[in-house]
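What follows is the residue order along each chain.
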Amino acid sequence: MAVETQVRFPWQRAAGLAIPLALVAALALAKPEIVRGTFSSAESVLRVAAVVVGWTLVARLLRRVIANPVARTLAVAIPGTALLWVNVAPYFEDDVKIAGSFPEAASTATTAAADAPAAAADQPAPAAPAAPGTTAAPQPVQLTTGRFVGLDGHRGSGEAAIFRLPSGEAIVAFRDLSVQSVPDPVLYLVPGANRESKANGVRLGRFDGSRDRYEIPAGTDLSGPVTVLVWCERFAVPVAGATQTAA
C-alpha cells in the first residue's frame, strides 16, 4: 500500500504571522510614536498583548480547518493586517486642528476698555450712559488658561481656557489648537498640574475637530490646578495636555 507523504514547508506556517509583523516593523520606522505609545504604560502593553494572543489563537484554529496552505496563509495574514491598519490608520491622518475662539470674557472686556486711547477732542462725544436702574448684560468670566504640549512623543500645540458662563455652567474652550490624530481620542479634565494620566479625571467627551468648546459637568472642582488632557483610549496613552493657571 502506498503511503502518501505530505510535504510541509516551514514558510507556510510562518508567513501568516510574518507578514503583519513585518508591517509592524515598517510602522515602527515610519511612526516611532506608535511604538513609544504602545510600551509607555502597563495597561497599553496588556491591551496589545491580549490582541496578539487572540489573533494567534485564531491563526492556529484556521490552520486546522483550512487545508490549502496558500488559502491558510491568506486567511491569517489578511485579518491580521486589517486589524493592524484599523488601529494605526489615524496616525497617518492630518492633525486635528481647531481654530476656535474664546468667549468675550468680562475681565477681558474691562481691560480692553481701560487700555483704549482717550478720544480726541474733535471726535464725537460718547453715547449717553444707560438709564439709571439698568445693568449691563452678564458676560462669561475666564477662570484659567494654559498652552498645550505634546506628550509621549505626540504633537500638540495651541491654547485651552476654562470659562464660567452667565448661566453658571463652566466650559473648556480652545484656540489655535493642533493635536496629532490618534485612535479613539477623548478629552479629560484631570485634577493637578502637568498630568499625563486620566486617573481621577472627568471625561468631557470624544475629541475631534467638530467643536471648540466642551461643557464641564456640574460639581467639578475647579478650585485647584487642573490639566486639560487629550487621551488615546485605544492604547491608554496621553496625547497632549494643557495645565491651567489662573487667568
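Above this text is the structure in question.
Here's what I pulled together on the structure shown here.

What counts as what
- Residues numbered from 1 in each chain as written.
- Predicted model: local features only at pLDDT ≥ 70, side-chain atom pairs only at ≥ 80, totals over all residues.
- Heavy atoms only, no water.
- Helix = DSSP H or I, 4+ residues; strand = E, 2+ residues; numbered from the N terminus.
- Buried < 20%, exposed > 50% of the residue type's maximum accessible area, 1.4 Å probe, protein only.
- Areas by Shrake-Rupley, 256 points an atom, 1.4 Å probe, with all protein chains shown as cover.
- Polar contact = N/O pair within 3.5 Å; in protein donor to acceptor, adjacent residues only side chain to side chain.
- Contact = heavy atoms within 4.5 Å.
- Phe/Tyr/Trp six-rings, centres within 6.5 Å; stacked < 30°, edge-to-face > 60°.
- Salt bridge = Lys/Arg side-chain N within 4 Å of Asp/Glu carboxyl O.
- Core = buried A, V, L, I, M, F, W, Y, C linked by side-chain atoms within 4.5 Å.
- Pairing = 2+ DSSP bridges.

**Some remarks on the overall build of the protein chain**
In terms of helices and strands, the protein chain carries five helices and eleven strands. Counting across all 247 residues of the protein chain, residues that qualify as buried make up 35%. Accessible surface, the protein chain as shown: approximately 14300 Å² in total, 62% of it carbon and sulfur.

**Topic: the side chain of S181**
Position of S181 among the secondary structure elements: in the loop between strand 5 (170–179) and strand 6 (185–191). Note on S181: relative accessible area 7%, which makes it buried. A polar contact of 3.4 Å, which involves the side chain of S181, links it to the side chain of E93. Every residue in contact with S181, bar those within four places of it in the chain, is listed here: P90, Y91, E93, D94, D95 and V96.

**What about the packing of aromatic side chains?**
Evaluation of the coordinates by the stated rule reveals four aromatic pairs. Three or more aromatic residues joined by ring pairs form one cluster here, namely F148, F174, F207 and Y214.

**A closer look at the pattern of salt bridges**
Counted under the stated rule, the structure contains six salt bridges. Close ionic contact of R155 with D95 constitutes a salt bridge, the shortest N to O distance being 2.7 Å. With R155 in the loop between strand 3 (149–150) and strand 4 (156–164) and D95 in the loop between helix 4 (69–88) and strand 1 (96–98), this residue pair connects regions lying 60 residues apart in the sequence. You can call R155 partly exposed: its relative accessible area is 39%. In this structure, the salt-bridge partner of E159 is R147, at a minimum N-O distance of 3.8 Å. Placement of the pair is E159 in strand 4 and R147 in strand 2 (residues 141–147), with a sequence separation of twelve residues. Given a relative accessible area of 53%, R147 falls into the exposed group.

**Overview of the nonpolar core**
F148, V172, F174, L187, F207 and V228 are the most contacted members of the largest nonpolar core, which has 29 residues in total. Broken down by secondary-structure element, the contributors of at least two residues to this core are helix 4, strand 1, strand 4, strand 5, strand 6, strand 8 (213–216), strand 9 (226–232) and strand 10 (237–243). Dropping the residues within four chain positions of it, V172 is found in contact with A160, A161, I162, L204, D212, R213, Y214, I216 and V228.

**Re the environment of E215**
Within the element layout of this structure, E215 appears in strand 8. A sequence separation of eleven residues divides E215 from L204, and the C-alpha atoms of the two residues are 6.8 Å apart.

**Topic: the sheet that holds strand 6**
With respect to topology, five strands assemble into an open sheet ordered 3-10-9-6-7, the strand pairing being antiparallel. In this open sheet, the two strands that pair with only one neighbour each are strand 3 and strand 7 (202–206). Note that strand 6 and strand 7 share four bridges and pair antiparallel. Pairing of V186 across the sheet is with R206, part of strand 7.

**Some thoughts on the pairing of strand 10**
Counting buried residues in strand 10 gives seven out of seven residues, a clear majority hidden from the surface. Two strands pair when backbone bridges link them, and strand 3 and strand 10 are joined in this way by two bridges, in the antiparallel orientation. Paired with V149 across the two strands is G241, which belongs to strand 10. Examined bridge by bridge, strand 9 and strand 10 share six bridges and lie antiparallel to one another.

**A look at unusual backbone geometry**
Located in the positive-phi region is N194, a residue other than glycine, with phi close to 55°. The class for N194 is exposed, based on a relative accessible area of 61%. Look at A236: it is not a glycine, yet its phi comes out positive at around 55°. Inspection of the secondary structure assignment puts A236 in the loop between strand 9 and strand 10.

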